[in-house]
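Read off the chains here:
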Amino acid sequence: MEAKVGKFFESVTSFFSGSDQLPWCDSDIIAGCEKEAAEADKGSEELKNECLTRFSWALVHSRRAEDVERGIAMLEASLASTADPMKMREKLYLLAVGHFRRGDYSRSRELVEQCLMIEPEWRQAQSLKKAIEERITKDGVIGIGIAVTAAGLVAGGIAAALSRKN
């Protein structure tokens, strides 16, 4: 019984904390990837693309909104020139992560579904899709709770005003 109660409280805490399983990236790693990408400009096109992908990964996994935005912009700019389906899948996934971090869950879901069209069994994308759907559900439940509370307050205010008139 205690285990069930513990799991219940853990799930409630997880629901309201909004935790997800995506890794975070700190500014030192981002700076290192940026330096690596700048140095790769002198190398082959393949090396440059690999470094830019790592840099984009670091940016969209950052806690700073401006880094996430920068990562999204870099990935969107490179998407049109990507012919390899596996590299396209990777970039779409990173874009989905960026939009997820930004709070644009519907766009994130669209992008992760495109990933899954390329690679239906990709567990990383499946996991992200589950996190997106959980966040959408959580936001919907919280929105409904706020609306119900507001309606209750309005109804209570009207009832109080009517009782004072009588």
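K.L.:
Would you mind going over the packing of helix H3 (residues 45-60) against helix H5 (residues 85-102) with me for this structure?
P.N.:
Axis angle and axis distance: for two packed helices, these are the angle between their axes and the distance between the axes, and together they describe the pair. Between H3 and H5, the shortest axis-to-axis distance is 9 Å and the interhelical angle comes to 20°. Viewed along their axes, H3 and H5 adopt a mutual orientation that is roughly parallel. Seen from above, H3 lies across H5 with left-handed handedness. Side by side, H3 and H5 meet where Thr 53, Trp 57 and Val 60 of the first sit next to Glu 90, Lys 91, Leu 94, Val 97, Gly 98 and Arg 101 of the second. Looking at the contact of H3 with H5, its residues break down into four nonpolar, two polar and three charged.

K.L.:
Quick question: what am I supposed to make of the nonpolar core here?
P.N.:
Across soluble globular proteins, nonpolar side chains show a tendency to be buried alongside one another. With 23 residues, the main nonpolar core has Tyr 93, Phe 100, Ala 125 and Leu 128 as its most contacted residues. Of all elements in the fold, only helix H4 (65-79), H5, helix H6 (105-118) and helix H7 (123-165) reach the threshold of two or more residues within this core. At seven residues, H5 tops the list of elements feeding residues into this core. If you look at the next biggest cluster of nonpolar residues, it comprises nine residues, including Cys 25, Ile 30, Ala 40 and Phe 55.

K.L.:
Where do I start with the packing of H5 against H6 in this structure?
P.N.:
With their axes 8 Å apart at the nearest point, H5 and H6 run at an angle of 160° to one another. On the basis of their axis angle, the class for H5 and H6 is roughly antiparallel. For the pair H5 and H6, the sense of crossing is left-handed. Of the residues in H6, those in contact with Pro 85, Met 88, Arg 89, Leu 92, Tyr 93, Leu 95, Ala 96, His 99 and Phe 100 of H5 are Tyr 105, Arg 107, Ser 108, Leu 111, Val 112, Gln 114, Cys 115 and Ile 118. A class-by-class count of the residues in the contact of H5 with H6 yields 12 nonpolar, three polar and two charged.

Rules behind the numbers
- Residues numbered from 1 in each chain as written.
- Predicted model: local features only at pLDDT ≥ 70, side-chain atom pairs only at ≥ 80, totals over all residues.
- Heavy atoms only, no water.
- Axes fitted to C-alpha atoms, helices over the stretch in contact; angles between N-to-C directions.
- Helix = DSSP H or I, 4+ residues; strand = E, 2+ residues; numbered from the N terminus.
- Parallel < 35°, antiparallel > 145°, perpendicular 65-115°, else oblique.
- Left-handed = near helix turned anticlockwise from the far one by under 90°.
- Contact = heavy atoms within 4.5 Å.
- Nonpolar A, V, L, I, M, F, W, Y, C, P; charged D, E, K, R; others polar.
- Core = buried A, V, L, I, M, F, W, Y, C linked by side-chain atoms within 4.5 Å.
- Buried < 20%, exposed > 50% of the residue type's maximum accessible area, 1.4 Å probe, protein only.

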